[in-house]
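Residue-level structure breakdown
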Amino acid sequence: NAGVMQNPRHLVRRRGQEARLRCSPMKGHSHVYWYRQLPEEGLKFMVYLQKENIIDESGMPKERFSAEFPKEGPSILRIQQVVRGDSAAYFCASSPPAGGSRTQYFGPGTRLLVL
Amino acid sequence: AQRVTQPEKLLSVFKGAPVELKCNYSYSGSPELFWYVQYSRQRLQLLLRHISRESIKGFTADLNKGETSFHLKKPFAQEEDSAMYYCALSDYNQGGKLIFGQGTELSVKP
């Protein structure tokens, strides 16, 4: 099992551009969580998704941010019209379906730099 | 409000010394507590979860509901323990999202 995969590992964008971050969960995992780590801060929850459903987006900024987890393919975190304050490390985690261990396994993160 | 506090940003000890990384939480439900570790240039890895009551790499952590604490301890630190340590809580009744502390950097000197 390759573990949780995220790409790209590093992403540089200019202000106003769009950023797309991808997360492939571990095989057999149907729950995906996104977290953001701003410089000098801990990880903050953003959104929790299951296949084709957003379960909890209470940590997502109201504007410019969206997330999806389609039936096929990776989960995508999309940031439109990026600003300098979006520069951070974005981590994805996955966990098995309900009934099994709910331990979250983390990907290596995507480090976004907005110039 | 749900909150996890790790009061020490940096903890520096010598090899062989005891280590205690502090974690306090504020939560009204029934949380599950975790310690995650991040070694240099590696991803976050689960170290301990309170319901397992196990010892991993010599580390233990006991949930103290009275003091709302989940401190991480190791009797004899090793240089390879140097890493960032994050305490986190989760309430599966709210989907299992993790609430993290700000992390403590442990530096073990030879």
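The paragraphs below set out a description of the structure included in this document.

All names here are of chain A. Burial of the side chains of strand β11 (residues 110–114) is restricted to one face: T110, L112 and V114 are buried, whereas none of R111 and L113 on the reverse face is. Taken together, the 3 bridges between strand β9 (residues 88–95) and β11 define a ladder with antiparallel strand orientation. What sits directly across from Y90, in β11, is T110.

Moving on, we come to empty space enclosed by the protein. Think of a ball as big as a water molecule: rolled over the atoms, this probe shows where empty space is left. Residue and element names in this part refer to chain B. A full pass over the atoms with the stated rule returns 1 cavity of 30 Å³ or more. Taken together, Q2, Y27, L89, S90, D91, Q94, K97 and I99 make up the lining of the largest cavity. Looking at side-chain class alone, the lining of the largest cavity contains 3 nonpolar, 3 polar and 2 charged residues.

Residues and elements named next belong to chain A. The strand order β1-β3-β8-β7 describes an open sheet built from 4 strands, whose pairing is antiparallel. Taken across any chain shown, the strands that pair with only one partner, and hence form the sheet edges, are β1 (5–7) and β7 (65–68). For this sheet the average axis-to-axis angle between neighbouring strands, irrespective of direction, equals 15 degrees. Direction of pairing for β7 relative to strand β8 (residues 75–79): antiparallel, over a ladder of 4 bridges. Looking at the pairing, E68 lines up with I76 of β8.

Size it by volume and the largest pocket reaches roughly 440 Å³. Around the largest pocket, the lining comprises 21 residues; the ones closest to its centre are A:Q37, A:E40, A:E41, B:M84 and B:Y86. Listed by contribution, the elements that provide at least two residues to the lining of the largest pocket are β9 of chain A together with β9 (83–90) of chain B. Within the lining of the largest pocket, the residues separate by chemical class into 7 nonpolar, 7 polar and 7 charged. The wall of the second largest pocket is formed by 18 residues, among which A:L43, A:K44, A:F45, B:I99 and B:F100 lie closest to the centre. Counting only elements with at least two residues in the lining of the second largest pocket, the list comes to β5 (43–50) of chain A together with β1 (3–5) and β10 (98–100) of chain B.

The next point concerns the state of the cysteines. Disulfide: a covalent bond connecting the sulfur atoms of a pair of cysteines. For the structure shown, the criterion picks out 2 disulfides over all chains. Note that A:C23 is cross-linked by a disulfide to A:C92, the S-S spacing being 1.7 Å. Because the sign of the S-S torsion sets the handedness, a value of about -40 degrees for the bond joining A:C23 and A:C92 places this disulfide among the left-handed ones. Taken together, the positions of A:C23 in strand β3 (residues 19–24) and A:C92 in strand β9 put the pair 69 residues apart, joining distant regions of the chain. Of the two residues, A:C23 and A:C92, neither departs from the other in class, the shared state being buried. Shown here is the disulfide that connects B:C23 with B:C87, its sulfur atoms set 2.0 Å apart.

Calculation rules
The residue numbering used here restarts from 1 in each chain and proceeds along that chain's sequence as written. All chains are assigned letters beginning with A, and all ligands numbers beginning with 1, in the order in which they are written. Given that the model is predicted, a residue must reach a pLDDT of at least 70 before its local features are reported, and side-chain atom pairs must reach 80 or more before they are shown or counted; all residues, however, enter totals for whole chains, interfaces and linings. Values shown for side chains rest on all heavy atoms present in the structure; no hydrogens or waters enter the calculation. Each residue is placed in one exposure class: buried if its accessible area under a 1.4 Å probe, protein chains only, is under 20% of its type's maximum, exposed if it is over 50%, and partly exposed if it falls in between. Secondary structure elements are taken from DSSP: a helix is a run of H or I of four residues or more, a strand is a run of E of two residues or more, and numbering for both begins at the N terminus. Whether two strands pair comes down to DSSP finding at least two bridges between them. Only protein atoms enter the 1 Å grid, on which a cavity is a set of points fitting a 1.4 Å probe that cannot get out and a pocket is an open set with protein on both sides within 12 Å along at least 5 of 7 lines, lining residues being those with an atom within 4 Å of a point. Grid points are joined across faces, edges and corners, and a volume is the space filled by probe spheres set on the points. As a working rule, the residues Ala, Val, Leu, Ile, Met, Phe, Trp, Tyr, Cys and Pro are called nonpolar, Asp, Glu, Lys and Arg charged, and the rest polar, with Gly in that last group. For helices, the axis comes from a line fit to the C-alpha atoms of the stretch in contact; other axes are also lines fit to C-alpha atoms, and the angle between any two N-to-C directions lies between 0 and 180 degrees. Cysteine sulfur pairs qualify as disulfides if the two atoms are within 2.5 Å.

On their own, these measurements won't tell you what the molecule is for.
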